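Residue-level structural notes
Here is how the chains run, residue by residue.
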There are 2 protein chains.
Amino acid sequence: MEYNWDIAIRGGTLLTLSERMEIVEDGLIGIKDGLIDFVGRRGDLTGNDIQAQEILDATGCIAMPGLINTHTHLPMVCFRGMADDLPLMDWLNHHIFPAEGRFVNRQMVYDGAMLAMAEMILSGTTTFCDGYFFEDSIAEAAVASGMRAVVSQGFADFPLPDNPAGESIKTLAERFFRRWHSRMPMIIPAFFCHAPYTCSPETLVNVKKIAREAGILYLTHLLETKDETAMIEERYGKEPVPHLHDLGVLDERTVCVHCNWLSAEDLRIFADLGVKVSHNPQSSMKLAAGVAPIPDMLELGIVVGLGTDGCASNNDLDLFKEMDTAAKIHKAVSLNPTVMDAQTVLRMATIEGARVLGLEKSTGSIEVGKQADIIVVDMKKPHLTPLYNCYSHLVYAVSGADVKTSIIGGKIVMRDRKLLTMDVDVVMDKVCRIAGEIKEAKRDID
Amino acid sequence: MEYNWDIAIRGGTLLTLSERMEIVEDGLIGIKDGLIDFVGRRGDLTGNDIQAQEILDATGCIAMPGLINTHTHLPMVCFRGMADDLPLMDWLNHHIFPAEGRFVNRQMVYDGAMLAMAEMILSGTTTFCDGYFFEDSIAEAAVASGMRAVVSQGFADFPLPDNPAGESIKTLAERFFRRWHSRMPMIIPAFFCHAPYTCSPETLVNVKKIAREAGILYLTHLLETKDETAMIEERYGKEPVPHLHDLGVLDERTVCVHCNWLSAEDLRIFADLGVKVSHNPQSSMKLAAGVAPIPDMLELGIVVGLGTDGCASNNDLDLFKEMDTAAKIHKAVSLNPTVMDAQTVLRMATIEGARVLGLEKSTGSIEVGKQADIIVVDMKKPHLTPLYNCYSHLVYAVSGADVKTSIIGGKIVMRDRKLLTMDVDVVMDKVCRIAGEIKEAKRDID
């Protein structure tokens, strides 16, 4: 049999992250028309004629699925390090909200998103799920950068900068869906209801109805901080999860972000209904918002993915660092070193993240027929020597800077640490200019 | 006035970490005979004749004191990722102790230490404090790598592989001190009593006596896990800190490592006596050993430095990642986002670390007359853009791979990410060979 590929990746250790978690030494991956055409050992094809337009040598490297960031607000890179170590309400009301009110516009969102995508590609992320204002601009930046993007149109019952005319939910939602659904599988539209405390029951229900009709994902922040329970109870006479459950918005296509304060009863509801969870440990730690009961979720079979959240509360988009923290924080708070083992955490950042986003048939593992979303991690470095166990190193020792090459949908977007889809200096300069304006405005206020 | 320097670092932002925490834009540092000869703005010297054998351009970078790792067991890099996510006693008794029993020898310690030093230099550490077997080999590796090293001869009441003949404490201690004290300020000898549960009161007291006479540092692991309290109480009728206090071994030249389970009363004793603390958050999280009450220590004025601990329980030596975790874990457990602000944490990894080790007069900040232990961090990267606040980025966004150049004692040990004091490929190969033997032995057992 003859193979004629666009790209071949050969040599090194191949982690499939498939159901059987195969690991292939001296691996070979063939990519054709954006899809994975072959997965196996290099030796499997001896005697065959392998043609590939491009051959990537992965000797001394790990080839693995690209990472999946299930929750972020990309343009917040513009506020990275602007305000830290503050009480939550001071941080939000005196720093983040005023900056957003004044500086968020279509161009800022695009420029910020491009910088965020540079950072994500450079640190091994190939798919992300974003929710912010002017989400069309995020989708446009994803098209330009070559990243796979779940872009979610936001809804809330307060005036949004990208909906000054107060268009109806139906108009907004349908226009957004119509504009982007044809760009699947690279751009995947979704809807994001900000939170149970900023969205009325009517909004929550109406958005879910349209999401169901369109067959797309529905996301909401949930129980990031403890006081959300009292807030919702006072307003609606029940706790947040029963509130959402009674509204009928919880199902297997609903992703709840944070979930730091889920009760045992809430967890049971999530498990019964197949509700998905996006876990953002670094952000919740930095904001002192709480630590989600992730080991309990996993015991109940709840699907959990990892996210970085926005850069104002992290302050980076490096999912390798997020994995390290995710593996350690739950050991620390449970005083049990066996929870969140490296393999479990790596699955959260890949195939389980794909399941959270409903993309498990197209990405999150290296299997024939799937989209070719693959990263090559250079393991020949002092901090990754020696190598006993790939999963251990990827979670506990690798950082984003060790990613060498990245392929998304069969397209090489980074080769040997060089971004091929953008001029990164131009992208950085644009955000520096925005930050210059923000600094000036802050000086005027101070 | 004429300046004739060995090295000049010019341009960029200069963080001094001095008492007044001066930050100098477009800075200039002059280095002569291993010491810092000038600190100021580049413009301060207009018209003067600056001669320097080597001029380093720090434009777009931060120049700052090198990081100080107050606790590690360097040769454990050989066991990096060998065993993770296990119950503590299983991990120790079935993995770490057998591997140490079989594979620790003078050569393994030297080879492992060289690899660890490569990793530390590449991630911005310039001074470390180590405790392991065959500590002479660690000191020899430090001489070869050019790092500043506090090397501590270990003591415990069980047979040590580097003391098979059972030499007396006095003989061991005096020989070690005699061998290394003349190499100060690059090599600084110290004594390490393993722990109150492995050292008899007599050992603890005798070692402290010799340390006092020699005027050197005395270290011990303390209250890493909760059950140490019951263990010591049962044996000696009092809790560990009162036990050590009554033995008279706690003073301002004693460093206690971990301290995860100090009581309020213990904290008061530490504050009163000026006992120093080495905080190793990532290791204690990964081992599920506990979270030290660091914010309480800081409120009482206890001096705290950061450490990575050994690589078997971390699994890297990157103090930038350690800072990020240190800043976040205490916010998470206290639910207070204002504790462990970025500046406090950066001080822990620099000048406070120097104070822990008794080296605050020679390193830990950039001030005239101090040893030239300086790193240059490249800030022109997507994940470090934009830049509002240097302290924020260094703690929350920089990782070791962003360190560009490192100078220790006035000698450039890394330039543009290239190590100048060793052949890193040879160093990695040597440890890979040791790991190969360990793998083979494990296969035989399994």
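Conventions and cut-offs
Residues numbered from 1 in each chain as written. Chains lettered and ligands numbered in written order. Predicted model: local features only at pLDDT ≥ 70, side-chain atom pairs only at ≥ 80, totals over all residues. Helix = DSSP H or I, 4+ residues; strand = E, 2+ residues; numbered from the N terminus. Rg over C-alpha atoms; globule rule 2.2 N^0.38 Å. Contact = placed C-beta atoms within 7 Å. Buried ≥ 20, exposed ≤ 12 C-beta atoms within 10 Å, placed from the backbone. Expected span 1.5 Å × (residues − 1). Least-squares fit on C-alpha atoms with pLDDT ≥ 70 in both. Domains from an automatic or database assignment. Nonpolar A, V, L, I, M, F, W, Y, C, P; charged D, E, K, R; others polar. Pairing = 2+ DSSP bridges. Axes fitted to C-alpha atoms, helices over the stretch in contact; angles between N-to-C directions.

Of regular secondary structure, chain A possesses 15 helices and 19 strands. Scaling as 2.2 N^0.38, a compact globule of 446 residues should have a C-alpha radius of gyration of about 22 Å, and chain A matches this with 21 Å. Once the C-alpha set of chain A is aligned to its principal axes, its extents read approximately 70 × 45 × 45 Å. A separation threshold of at least 6 residues defines the contact pool for chain A, and within that pool the share at least 24 residues apart is 74%.

All names here are of chain A. In this structure, His95 sits in helix H1 (residues 88-103). Here His95 falls in the partly exposed class, since 17 other C-beta atoms lie within 10 Å of it. It is 9.2 Å that separates the C-alpha atoms of His95 and Lys442, two residues lying 347 residues apart in sequence. Those residues within four positions of His95 in sequence are excluded, and the remaining contacts are Met82 and Ala83.

On to the interface of chain A and chain B. On the side of chain B, 54 residues touch chain A, which itself brings 54 residues to the contact. Every element with two or more residues in the side of chain A that touches chain B is listed here: helix H2 (106-122), helix H9 (281-286), helix H11 (319-334), helix H14 (390-396) and helix H15 (424-445) of chain A. Counting residues per element, the side of chain A that touches chain B draws most heavily on H11 of chain A, at 7 residues.

This part covers unusual backbone geometry. Note that the residue after Thr385 of chain A, namely Pro386 of chain A, is joined by a cis bond; omega there is -10°. On the secondary structure map, Pro386 of chain A appears in the loop between strand S16 (374-378) and H14. Put simply, Met184 of chain B and Pro185 of chain B share a cis peptide bond, and its omega is 10°. Tracing the chain through its elements places Pro185 of chain B in the loop between helix H4 (169-180) and strand S11 (187-193). The backbone of Phe134 of chain A shows a phi angle near 50°, a positive value even though the residue is not glycine.

What follows covers helix H5 (residues 201-214) of chain B. Here H5 of chain B is 14 residues long and its end C-alpha atoms lie 20 Å apart, about the 20 Å a rise of 1.5 Å per residue gives. Looking one or two residues past H5 of chain B, Gly215 of chain B carries a phi angle of roughly 70°, positive in sign.

Each copy of the sequence occupies a distinct position, and chain A is placed on chain B by a rotation of 180° and an axial shift of 0.0 Å, giving an RMSD of 0.0 Å. The superposition of one copy onto the other is thereby described by a two-fold rotation axis. When each C-alpha of chain A is compared by its distance to the rotation axis, Ala401 of chain A comes out closest, at 3.3 Å. A share of 98% of the interface residues of chain A reappears at the interface of chain B, consistent with the copies meeting face to face through the same patch.

Residue and element names in this part refer to chain A. Under the domain assignment, chain A is made up of domain 1 (2-65 + 372-419) and domain 2 (67-356). Taking only C-alpha atoms into account, the centre of domain 1 sits 29 Å from that of domain 2. Contacts between the two partners involve 20 residues from domain 1 and, on the opposite side, 25 residues from domain 2. Looking at the side of domain 1 that touches domain 2, the element that brings in the most residues is H14, giving 5 residues. The residue makeup of the side of domain 1 that touches domain 2, split by class, is 13 nonpolar, 5 polar and 2 charged.

This part takes up the sheet that holds strand S18 (residues 411-415) of chain A. All names here are of chain A. Read across the open sheet, the 7 strands follow the order S3-S2-S7-S16-S17-S18-S19; overall the sheet is mixed. Two strands close off the open sheet at either side, each with one partner strand: strand S3 (23-25) and strand S19 (418-419). Taken together, the 4 bridges between S16 and strand S17 (residues 403-408) define a ladder with antiparallel strand orientation. Bridging from a neighbouring strand, Val377 pairs with Val403 of S17.

Next up on the list: the sheet that holds strand S9 (residues 125-132) of chain B. Residue and element names in this part refer to chain B. Within the open sheet, the 8 strands sit side by side as S8-S9-S10-S11-S12-S13-S14-S15. Their pairing is parallel. In this open sheet, the two edge strands, each paired with only one partner strand, are strand S8 (67-72) and strand S15 (304-306). With direction set aside, neighbouring strand axes in the sheet form an average angle of 25°. Note: S11 against strand S12 (residues 218-222), 3 bridges, orientation parallel. Bridging from a neighbouring strand, Phe191 pairs with Tyr218 of S12. Contacting strand S10 (148-155), S11 and S12, H5 runs over the sheet at an angle of about 160° to S11.

Residue and element names in this part refer to chain B. The buried count for strand S17 (residues 403-408) comes to 6 of 6 residues, which makes it a mostly enclosed element. The pairing of S17 with strand S18 (residues 411-415) spans 3 bridges and is antiparallel. Considered in S18, the bridge of Ile407 is made with Ile412. Counted between consecutive antiparallel strands, the loop separating S17 from S18 contains 2 residues, among which Gly409 sits at a positive phi close to 55°.

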